[in-house]
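# Examining the three-dimensional arrangement
The residues making up each chain are set out below.
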Amino acid sequence: MSLVTAVQTATVLTETVHARELPMESWVFGLIALLIFAALGFVVASYRDVANRHAAKAAAYAARHSGDEHGGH
């Protein structure tokens, strides 16, 4: 057995012996991710159709700025 093989074998054995435990069950990480994505989805859904909530303001703005004075920028 060469020195390189001995070092690699010792390294693999020591890494498998000292495995770290998770701070909580693995399914809890999935639950946390699901809750975060649900909260972010709620935030995104709350901005749906925001422009149409103020149709009167949009119509007034369009009436004031309907001229071609800017040359179609």
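Residues numbered from 1 in each chain as written. Predicted model: local features only at pLDDT ≥ 70, side-chain atom pairs only at ≥ 80, totals over all residues. Heavy atoms only, no water.

To continue, consider the overall build of the protein chain. If you tally the helices and strands in the protein chain, you get three helices and zero strands. Counting from the amino terminus, the protein chain carries its helices and strands in the arrangement α-α-α. Taking all 73 residues of the protein chain together, 1% fall into the buried category. (Helix = DSSP H or I, 4+ residues; strand = E, 2+ residues; numbered from the N terminus. Buried < 20%, exposed > 50% of the residue type's maximum accessible area, 1.4 Å probe, protein only.)

To continue, consider the confidence of the model for the protein chain. The predicted structure's coordinates, where accompanied by low pLDDT, should not be read in detail. Averaged over the protein chain, the pLDDT score is 79; the fraction of residues at 70 or greater is 67%. Within the protein chain, helix α2 (residues 26-46) carries the highest mean pLDDT (96), whereas helix α1 (residues 3-17) carries the lowest (64). (pLDDT = per-residue confidence, 0-100.)

What follows concerns a nonpolar patch on the surface. On the surface, Leu22, Met24, Phe29, Ile32, Ile36, Phe37 and Leu40 cluster together to form a nonpolar patch covering roughly 680 Å² of accessible area. Within the secondary structure, Leu22 is located in the loop between α1 and α2. (Patch = residues over 30% accessible without salt bridge, like charges linked within 9 Å, V, L, I, M, F, W, Y side chains within 5 Å. Areas by Shrake-Rupley, 256 points an atom, 1.4 Å probe, with all protein chains shown as cover. Salt bridge = Lys/Arg side-chain N within 4 Å of Asp/Glu carboxyl O.)

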